[in-house]
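Structure at a glance
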Amino acid sequence: MTAVVIGGGAVGTRKALALADAGALVTVVAPVVTPELAEADRLRRITLLRESYRKDQIERATLVIAATDSREVNAQIAVDANARGKLVNITDYPDEGNFHSMALHRSGDVTIAVSSGGVPGAAARIRDAIAERFDGCYDRAVSALRGLRSRLIARGDDKWRTAAPELLGDDFCDSVENGSFSEKVDSWR
């Protein structure tokens, strides 16, 4: 996927680096950029165009992110991208785009995404509240489950079908948080 992020501030940086981490080919368009973007360009994680927005810059993009500090520029990006049928996210006024991004919390293999209908600040607050509960203990539990599941399925019997409902029952979160989950997993090895 090719993505163009217009804007080199904190929001543009976060969006560009997340897209690059996900495997997108990212171009950032901005006359002024954060040190993180300059470093990402130096390391060839992204391509940096230190210039102002022009509509021809989004021609080859699959995805466009408008993250400038100018309401007028972001609105123009929305018009240009929508006219060309691009996926476009407008960070300061999400309803001008055709998709909203989510606030993410990652802990190992556990990813929690929160959307709040185009109000990014609310999504971030909700994500942070959830992240307080769903910390590294859930990553360890999921890792243990993944290993157990692989071993039981590899044996060729139906033992995973029996184990899964017990391990992932209504008490799953309680057992992860109170530390008893690892004992439950061990009982199935």
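Not measured: the values here are computed from a predicted model.

Next up on the list: the sheet that holds strand β2 (residues 25-29). In space, the five strands of this open sheet follow the order β3-β2-β1-β4-β5, with parallel pairing throughout. If you trace the sheet from one side to the other, it starts and ends with β3 (47-49) and β5 (87-90), each paired once. Between one strand and the next, the sheet's axes are offset by a mean angle of 15 degrees, whatever the strand orientation. Where β2 meets β3, three bridges bridge the pair, whose relative direction is parallel.

Attention now moves to the environment of Trp160. For Trp160, the location among the structural elements is in helix α6 (residues 159-167). Given the relative accessible area of 15%, Trp160 is considered buried. Considered as a pair, Trp160 and Leu148 are twelve residues apart in the sequence and their alpha carbons are 8.3 Å apart.

When its volume is computed, the largest pocket comes out at roughly 820 Å³. Lining the largest pocket are 30 residues; nearest its centre among them are Arg14, Lys15, Ser101, Met102 and Ala103. Of all elements in the fold, only α1 (10-21), β4 (63-66), β5, β6 (103-107) and α4 (120-133) reach the threshold of two or more residues within the lining of the largest pocket. It is α1 that contributes the most residues to the lining of the largest pocket, six residues altogether. Residue composition of the lining of the largest pocket, grouped by class: 16 nonpolar, nine polar and five charged.

What counts and how
- Residues numbered from 1 in each chain as written.
- Predicted model: local features only at pLDDT ≥ 70, side-chain atom pairs only at ≥ 80, totals over all residues.
- Heavy atoms only, no water.
- Pairing = 2+ DSSP bridges.
- Helix = DSSP H or I, 4+ residues; strand = E, 2+ residues; numbered from the N terminus.
- Axes fitted to C-alpha atoms, helices over the stretch in contact; angles between N-to-C directions.
- Buried < 20%, exposed > 50% of the residue type's maximum accessible area, 1.4 Å probe, protein only.
- 1 Å grid on protein atoms, 1.4 Å probe; cavity = no way out; pocket = protein on both sides within 12 Å on 5 of 7 lines; lining within 4 Å.
- Points joined across faces, edges and corners; volume = space filled by probe spheres on them.
- Nonpolar A, V, L, I, M, F, W, Y, C, P; charged D, E, K, R; others polar.

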